Amino acid sequence: MENKFMEKLEDILLPIADNLNNNKYLSSLRDGFMVALPLIIFGSIFIVIANFPFLDKILSESQFSAWQAMVGPASESTLSIMGLYVIIGIGYKLTEKNGFEGIYGAVTALSSVLILTPQVFEKTEGVIPVEILGAKGMFLGIFVSIISCEIYSYLCRKEITIKMPNGVPTQVAKSFSALIPISVTLSVILIVRILISFTPFDTLQNFIYTILQQPLTELGSGLTATIIAVLLIQIFWFFGLHGQIIVNTVFDPIWYSLNNENLEAFKANQELPNIITKQFIDTFLVGMGGTGGTMVVIILIFIVSRSQQNKEIGKLGAPASIFNVNEPILFGLPVIMNPIILVPWMIAPVVVTIITYFSMGLGLVPKPSGVIVPWTTPIFISGYLATGNAWQGAVLQLFNLIVTFLIWLPFFKVLDNGYFRKEQEKSKSEE
């Protein structure tokens, strides 16, 4: 009965996961974020440096302001305009997947977004509002990047290009070859801008934000949607598929937007608006030894394991687990396709999500500040940094770790006892 259920579940989920992984738009979106990630992390590090604990107490008010002004450009030119880098990344990767020169797709995507961006801020012309290049403009950037690259690629595919004679340097020939596709694409985008200016929305940014981004962001910031996302991550991993890559591809634009809203409020010393953010997921779910809180498996191995097999897995997995890399546990325990540990694997992350959400909602723990702490940051350090240098973040991680430990304990004992009995039987047969 159990095997039939597992087979049916596998038949349903594997094709879905395969289609998501192979979808060029979703994979380009994922890869686009990966291009921007080093810059995002760099900017986040300097947010932490600018707001280092107790620095405002050590320095005078003027010195602290001068310090923040000195290091501020590091985050303002990276994290605050992360949408810009994501646009370039998506444009490059999607055009490359279409079989054409990626760099031309990247600049076409960037130019398209800038054409649609109102260059007026507080009645000052020739100025691009930073928020439009950050969280608020993220969805527009994604859609425009995809559409502009598809128009560009279509024109290239139909060979609507200028062909230079032999002997012309390669880069010159490529530039002229891209001229017509880029010009037509940008002209189409310009027409869209003109048309939208006659609507009540005035700009495409306002249209996208009102019609699409705001409702999706509100959905993604809710507990129910987050639990569904967490469950999907666990299910995909159970079948040996990278749950984060599959699910985060869809949810990352929402979570990053929520993250940036918190960051802006944090920098302005205002109340943080969101509990669910990218950092909520990375710090309080992934940040306990990897997906599923598998650091507790390492702890259980060292405390209660009798099986030699598990002890060896523990030795291999412990160093990586400190940095939230848990492949040795996923494939060595194994977690994948192991019905004995399916219950804790699915239940523990959901319980942790609920505990973390209500701890922050009730004000017991500060909400994520919006600072991007790399997911490989060890537990307790990540909790402290992600909540704006608050010790409560580290304490919450410890509490979650204990809860996860208690959920896993009986199921791990069953698994370990089974391994131990097999080892004993094998030893006796060899004697």
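The text that follows walks through the structure, step by step, so that each part is easy to find. The model shown is predicted, which means the values in this text are computed figures rather than measured ones.

One pass over the full model with this rule turns up 6 aromatic pairs. Aromatic side chains Phe-201 and Phe-207 sit 5.1 Å apart centroid to centroid with 85° between the ring planes, which places their arrangement in the edge-to-face category.

This next bit is on the nonpolar core. Grouped together as the largest cluster of nonpolar side chains are 94 residues, with contacts concentrated most on Tyr-256, Val-297, Leu-333, Trp-345 and Trp-408. Filtering out sequence-adjacent residues up to four positions away, Trp-345 remains in contact with Gln-234, Trp-237, Phe-238, Thr-291, Gly-292, Thr-294, Leu-330, Val-335 and Trp-408. Of all hydrophobic cores here, the second largest spans 6 residues; its members include Tyr-104, Tyr-152, Ile-182 and Leu-186.

Another point: helix α14 (residues 308-322). Taking 1.5 Å per residue as the helical rise, α14 with its 15 residues ought to reach 21 Å, and the 22 Å between its terminal C-alpha atoms agrees with that figure. The sharpest bend along α14 reaches about 35° and sits at Leu-316, with the proline Pro-319 one to four residues further on. By the burial criterion, the buried members of α14 are Asn-310, Ile-313, Gly-314, Gly-317, Ala-318 and Ser-321. For α14, the secondary structure elements touched by its buried residues are α13 (295-304), α15 (327-332) and α18 (391-430). For α14, the N-terminal capping position is held by Ser-307, with its side-chain oxygen 3.2 Å away from the main-chain nitrogen of Gln-309. Just beyond α14, the residue with positive phi is Asn-324, at close to 65°.

The final tally for this structure, using the stated rule, is 0 disulfides. With no disulfide of its own, Cys-149 lies closest to Cys-156 among cysteine sulfurs, the gap being 10 Å. In this structure Cys-156 comes out as buried when scored by relative accessible area, which is 13%.

Cut-offs and rules
- In every chain, residue numbers begin from 1 and rise along the written sequence.
- pLDDT decides what is reported in this predicted model: residues at 70 or higher carry local features, side-chain atom pairs at 80 or more are listed and counted, and totals for whole chains, interfaces and linings draw on all residues regardless.
- Calculated side-chain values reflect all of the structure's heavy atoms, with hydrogen atoms and water omitted.
- Centres within 6.5 Å make a pair out of two Phe, Tyr or Trp rings, where for Trp the six-membered ring is used; the pair is then stacked when the planes are under 30 degrees apart, edge-to-face when over 60, and tilted otherwise.
- Throughout, nonpolar core names a set of buried Ala, Val, Leu, Ile, Met, Phe, Trp, Tyr and Cys residues whose side chains join them through atoms within 4.5 Å.
- For every residue, the accessible area (1.4 Å probe, protein chains only) is compared with the maximum for its type, and the residue is labelled buried under 20%, exposed over 50%, or partly exposed between those bounds.
- Residue contacts are counted whenever heavy atoms from the two residues lie within 4.5 Å of one another.
- By the criteria applied, helices consist of DSSP H or I runs no shorter than four residues and strands consist of E runs no shorter than two, each listed in order from the N terminus.
- Here the expected length of a helix is defined as 1.5 Å per residue gap, with one fewer gap than residues.
- Here the bend at a residue is taken as the angle between two axes, fitted respectively to the seven residues that end there and the seven that start there.
- Throughout this description, a polar contact denotes any pair of N or O atoms lying within 3.5 Å of each other; where both atoms belong to protein, one of them has to be capable of donating a hydrogen while the other can accept it, and for residues adjacent in sequence the pair is counted only when both atoms sit in side chains.
- Cysteine sulfurs are considered disulfide-paired once they come within 2.5 Å of each other.

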